[in-house]
Amino acid sequence: MGSDWIDCELGDLIELKRGYDLPKTKRVNGGVPVVSSSGSSGEHNEIKVKAPGVVTGRYGTIGEVFYIEDDFWPLNTTLYVKDFKGNDPLYVYYFLKTIRYSDYTDKGAVPGINRNHIHKAKVKVPVDPVHQRNLALKLFDLDKKIELNQKTNQTLEQMAQALFKSWFVDFDPVFDNLLASVDFKLENLETSLPDELKQKAQRRLAALNSLHNAAECKASLSALAHELQAQLPTKEATKKATQSAVQVSEKAAETPVKANLNANPNILAQHANTHAHFPNEFEHHEQLGWIPKGWNIRKLSSFSEILNGFAFKSGDYIESGNFVLRTKNFKGNEVKKATDDVYLPDEFMTSHNKYLSQPFDYHLVMVGASVGKCAIIYPHNLPALRNQNMWCFRTKKDSGVEQSFIKYMLDRLVSKSLGLASGSAREFFRKGDFGNQEVCIGTNNIQNLFHVLCGEYLDKMSKNSAQVEVLTKLRDTLLPKLISGELQIPDVAIG
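Residues numbered from 1 in each chain as written. Predicted model: local features only at pLDDT ≥ 70, side-chain atom pairs only at ≥ 80, totals over all residues. Heavy atoms only, no water.

In this section: the side chain of Gln403. Relative to the assigned elements, Gln403 resides in helix α13 (residues 403-415). Taking relative accessible area as the criterion, Gln403 reaches 11% and is therefore assigned buried. Polar side-chain contacts of Gln403 include one of 2.8 Å to the backbone oxygen of Phe393. Within the local environment of Gln403, its side chain forms a polar contact with the backbone nitrogen of Thr395, the two atoms lying 2.8 Å apart. (Helix = DSSP H or I, 4+ residues; strand = E, 2+ residues; numbered from the N terminus. Buried < 20%, exposed > 50% of the residue type's maximum accessible area, 1.4 Å probe, protein only. Polar contact = N/O pair within 3.5 Å; in protein donor to acceptor, adjacent residues only side chain to side chain.)

Below, the structure written as structure tokens:
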């Protein structure tokens, strides 16, 4: 029968072999993946093993298993499958993930796996490679869904970061409007314009010219600039017309153009809905330098709470209950639960409720080895009680600033190492240095528009992250049951 299982030794199923030395000084970029005990470790120009391949750690990181879909070079810190002996490689990959490698490590100062010992491991496997493949594909489908959600979140995060940088750091829409007001001719810019802004305008023009639809974009921005100008009061418009660069009024910057796109076919909807909120003029701020004219400058503490955590006692922890958020849960810029998490009983939800995190709170490790790491908490990881060594940044009610802005603004501030005490016994961030930081937040309309866009990104990332957690638990539950034969394929349904 195709589903028959046999008891044997691991060495009867596969042959493992030690990887090969390849110092970094001898590697040549060539697109061939180099695989170490912890996974991808660069590339080389020579193939050592044909794909598909399965690799696990021999020294260093032990217990991780990797499925390699391209020809590769396994390093000497690994064991790779030299011979699958007719068995399905994908099944072998998942099977090796179920082995307790600690049972086969030597007792040296740096523990390692002896392949002769692990070859003696007693195993139970299906005889038919086709049945092996069918089992493995159930798990592989879950992994692909997890990977897709993770990649989608990475893309959404990059899009949000790029948007924040474009609007609030580089001020691209302001330069677009400025350039449109002079028909994209740098020589027409005011002679009084500072060299710093002229250079930035030049770089922005080069970026616009590099677009595949550059002519269409520039025509749209020019038409929008004329529409904005036409909406100014007549007296003001006459005055502005005498200047070499049309100045968009603060009122126009606060009010989107109600352009008749049929009457103005050159105006792209994306420009009408975005650039109309931005001025085309700058003003100098003592602390922040050149910023868009009319934009609001506020201290961070005026729109964001900076909340402490609490030093909970280990004696109060229980095996299950209310999740305690610790700095070790900060992974990949978000809060992720782990198998060694700790919990507190229900009474702490009342007695320590001021330490409860809320959806989309942004947390910062403010002291210790992980100082500067940030993490957003999504709704599916709540309720959560904040532990010590972190701050929580949360928008103040009626502040006019949304949580999405706080997240990406804080990422920029942390990257500048604000308040980091150097030379001290323990590096740390000072709350006052953050709270007193002046931030250019733009106008209310721009804040609202940014939140509409990036708030949607965060909602999608939250849902994807929640699905990843569910799929990961399902995969980890199914893995040993499918591989051991405890569950048969008809018993498994994956949507």
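This next bit is on the sheet that holds strand β4 (residues 39-44). Read from one edge to the other, the open sheet built from three strands follows the order β4-β3-β7, with strand pairing classed as mixed. Strands at the two margins of the open sheet, each flanked by one partner only, are β4 and β7 (73-74). Pairing geometry for strand β3 (residues 32-36) and β4, over four bridges, is antiparallel. Residue pairing in the sheet places Val32 in a bridge with His44 of β4. (Pairing = 2+ DSSP bridges.)

A word on helix α4 (residues 129-169). For α4, with 41 residues, the first-to-last C-alpha span of 56 Å sits near the 60 Å given by 1.5 Å per residue. Leu137 marks where α4 bends most, by close to 25°. The opening residue of α4, the one whose side-chain oxygen lies 3.1 Å from the backbone nitrogen of Val130, is Asp128. Phi turns positive one or two residues past the end of α4, at Phe171, with a value near 55°. (Expected span 1.5 Å × (residues − 1). Bend = angle between axes of the 7 residues up to and from the residue.)

When its volume is computed, the second largest pocket comes out at roughly 470 Å³. The wall of the second largest pocket is formed by 20 residues, among which Phe168, Val169, Leu288, Lys416 and Cys440 lie closest to the centre. At the level of secondary structure, the elements contributing two or more residues to the lining of the second largest pocket comprise α4, α6 (195-209), β11 (289-292), α13 and β22 (438-442). In terms of residues, the lining of the second largest pocket owes the most to one element, α13, which gives five residues. Of the residues contributing to the lining of the second largest pocket, the split by class is 12 nonpolar, three polar and five charged. (1 Å grid on protein atoms, 1.4 Å probe; cavity = no way out; pocket = protein on both sides within 12 Å on 5 of 7 lines; lining within 4 Å. Points joined across faces, edges and corners; volume = space filled by probe spheres on them. Nonpolar A, V, L, I, M, F, W, Y, C, P; charged D, E, K, R; others polar.)

Summarising burial for β3: four of the five residues are buried, a large majority. In this sheet, β7 lies alongside β3 in parallel orientation, the contact comprising two bridges. Within β7, the residue paired with Val34 across the bridge is Trp73.

On to the packing of aromatic side chains, then. Overall, the coordinates contain 28 aromatic pairs when judged by the stated rule. Between Tyr20 and Tyr80 the ring centres are 6.0 Å apart and the planes differ by 35°, which places this aromatic pair in the tilted class. A residue pair is termed long-range when its members are at least 10 positions apart, and Tyr20 in the loop between β2 (15-18) and β3 and Tyr80 in strand β8 (residues 78-83) qualify at 60 residues. Judged by its relative accessible area of 22%, Tyr20 falls in the partly exposed class. Classification of Tyr80 by relative accessible area gives buried; the value is 5%. Seen from their ring centres, Phe278 and Trp295 are 5.8 Å apart, and the 50° between their planes marks the pair as tilted. Here Phe278 is found in the loop between α10 (269-274) and β10 (282-285), whereas its partner Trp295 is found in the loop between β11 and β12 (296-299), with 17 residues between them in sequence. Clustering of aromatic rings is evident, with ring pairs tying together Phe164, Trp167, Phe168, Phe171, Phe175, Phe278, Phe282, Trp295, Phe303, Phe405, Tyr408 and Phe450. In this arrangement the basic side chain of Lys48 is found over the ring face of Tyr20, its NZ or CZ atom lying 4.9 Å from the centre. (Phe/Tyr/Trp six-rings, centres within 6.5 Å; stacked < 30°, edge-to-face > 60°. Lys NZ or Arg CZ within 6 Å of the ring centre and 35° of its normal.)

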